[in-house]
Amino acid sequence: MQKSSNLQKLTPEYLSKYTYWDKEKAWFNNLAENLGAIRSGHDVMELKGTCGGPVIIVGAGPSVEKFNHLDMLKDVKCHVIATDRQLIPLLERNVIPEYVISVDADPVVAKFYDSALVREHADKIKAIFATQIHNSVVKMCPFERYWFVTLIDDPFKTEKSISRAIHWMTDGKSMSEAFGNAGAFGWAFADAVGHKMIILVGIDFSYGPDIQPMQTMFWNGFMKKRDGDTKEVLKLDYRWDLNPYGHKVLTDAIFDSYRQVMHKGIMSTDSKTVNCSPYTVLHGPKIQTLPLGEALKKFTLQI
């Protein structure tokens, strides 16, 4: 990882490049192992325009457990899109999502599909997969799979585009920004397939109010990048956000880059986004913040 100069913030553009540098070996190894399944599988945009009405995106931010949001969803009759981490917890509450999303290349994701409950609902759920997910996830997942190519570069402006090469290698699978994580991509997918009311649960992009920077997963990486300068890490790589719910929550440069990319997407569409995640840093123009209980009462969440 390249060293940063003093007082240089980590921009979404830089972090996108660093993610590629850090993950490229895993991404392309996974792509090679998945290629047969991808070429013979569905394209994610086959689902465009097939949905409508309100949808709930269920992420895995810290507010979900703190505010018992999964239990609040048990009796809701509504379109649901799950991030992979929340698939089994939702099924345990008899909440059957229509789609589950995986974008991470880490093999640990396979355990989110390793359950008799998952196999029991094999014919009811569709999986939305980025081409770089680990092959163990593909083998474990019993669902019908829909694929997309994660954008690495601009396929229309880059003469020798890696994204465009993967597009043709995968038999023309659609290319898309992955938006940083499964929850954020869930929003983009919901918008693309036709949902005009998108309700976010567990889309915090924060660690919540009760954790310090030194306890977070990226602390050691930031310290290495800043040559062990604690003051510089605290100043440039972390911030506290007082959100519309009145919670002061901790976020970092990684999560904040996801927030910025997702907010840019929200600003570009006419879909309505309601964020019901009390520890969220995703708020601002075109995002309504509302407690989940109120949102479930206010909006007619019927299929």
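First, a word on scope: everything that follows refers to the structure included in this document. (Residues numbered from 1 in each chain as written. Predicted model: local features only at pLDDT ≥ 70, side-chain atom pairs only at ≥ 80, totals over all residues. Heavy atoms only, no water.)

Comments concerning the environment of I96
Its place among the elements puts I96 in the loop between α4 (87-92) and β4 (99-102). Linking I96 and K124, residues 28 residues apart in sequence, is a C-alpha distance of 7.8 Å. The contacts of I96, once residues within four sequence positions are left out, are L91, H121, K124 and I125. (Helix = DSSP H or I, 4+ residues; strand = E, 2+ residues; numbered from the N terminus. Contact = heavy atoms within 4.5 Å.)

Details of the nonpolar core
In terms of nonpolar packing, the biggest core is built from 67 residues, with Y113, I128, F143, F189 and M262 touching the most fellow members. Top element by residues in this core is helix α8 (residues 182-193). It accounts for eight residues. Among all residues touching F143, those that are not within four sequence positions of it are L87, V100, Y113, V118, H121, A122, I125, K126 and A127. Listed in part, the 19 residues of the second largest apolar core include C78, V201, L292 and A295. (Core = buried A, V, L, I, M, F, W, Y, C linked by side-chain atoms within 4.5 Å. Buried < 20%, exposed > 50% of the residue type's maximum accessible area, 1.4 Å probe, protein only.)

With respect to unusual backbone geometry
Positive phi outside glycine occurs at F205, with the angle close to 55°. Here F205 shows up in the loop between β8 (197-201) and α9 (219-225). For F205, a relative accessible area of 5% gives the class buried. A positive phi angle, close to 55°, is found at D227, a residue other than glycine. With respect to the helices and strands, the residue D227 is situated in the loop between α9 and α10 (230-236).

A closer look at the pairing of strand β11 (residues 272-275)
Taken together, the four bridges between β8 and β11 define a ladder with parallel strand orientation. Across the sheet, the residue bridging to I199 is V274, located in β11. Bridge count between β11 and strand β12 (residues 287-289): three bridges; the pairing is parallel. Note on β12: the bridge partner recorded for T273 is I287. (Pairing = 2+ DSSP bridges.)

Describing the pattern of salt bridges
Applying the stated criterion across every chain yields a total of nine salt bridges. Between D71 and R93 there is a salt bridge; the shortest N-O distance is 2.8 Å. One end of the pair, D71, is in helix α3 (residues 69-72); the other, R93, is in the loop between α4 and β4, with 22 residues separating them in the sequence. In this structure, the salt-bridge partner of R239 is D241, at a minimum N-O distance of 3.0 Å. Because the salt bridges share partners, they merge into one network encompassing R239, D241, D256 and R259. (Salt bridge = Lys/Arg side-chain N within 4 Å of Asp/Glu carboxyl O.)

Thoughts on the environment of P155
Relative to the helices and strands, P155 resides in the loop between β6 (144-150) and α7 (162-169). Once you skip the residues sitting within four places of it in the chain, P155 turns out to touch S161, S163, R164 and M175.

A short note on α8
Over its 12 residues, α8 extends 16 Å from the first C-alpha to the last, a length consistent with the 16 Å expected when each residue adds 1.5 Å. Of all 12 residues in α8, 11 are buried; the element is thus mostly enclosed. Burial in α8 covers these residues: A182, G183, A184, F185, G186, W187, A188, F189, A190, D191 and V193. Residue G194 follows α8 closely and has a positive phi angle near 120°. (Expected span 1.5 Å × (residues − 1).)

Some thoughts on the packing of aromatic side chains
For the structure shown, the criterion picks out 14 aromatic pairs. The interplanar angle of 75° and the centroid separation of 5.4 Å between the aromatic rings of F67 and Y279 together place this pair among those described as edge-to-face. Placement of the pair is F67 in the loop between α2 (62-66) and α3 and Y279 in the loop between β11 and β12, with a sequence separation of 212 residues. Of the residues examined, Y279 reaches a relative accessible area of 5% and is grouped as buried. (Phe/Tyr/Trp six-rings, centres within 6.5 Å; stacked < 30°, edge-to-face > 60°.)

Digging into the pairing of strand β5 (residues 126-130)
The element β5 is largely enclosed, with a buried count of four among its five residues. Examined bridge by bridge, β4 and β5 share four bridges and lie parallel to one another. Residue pairing across strands places I101 opposite I128, the latter belonging to β5. When β5 meets β6, the two strands line up parallel, connected through five bridges. Counterpart to I128 in the pairing with β6 is Y146. This β-α-β element, β5 to helix α6 (residues 135-140) to β6, shows right-handed connectivity. (Right-handed = clockwise from strand over helix to strand, strands pointing away.)

Geometric descriptors of this kind do not, in isolation, establish any biological role.
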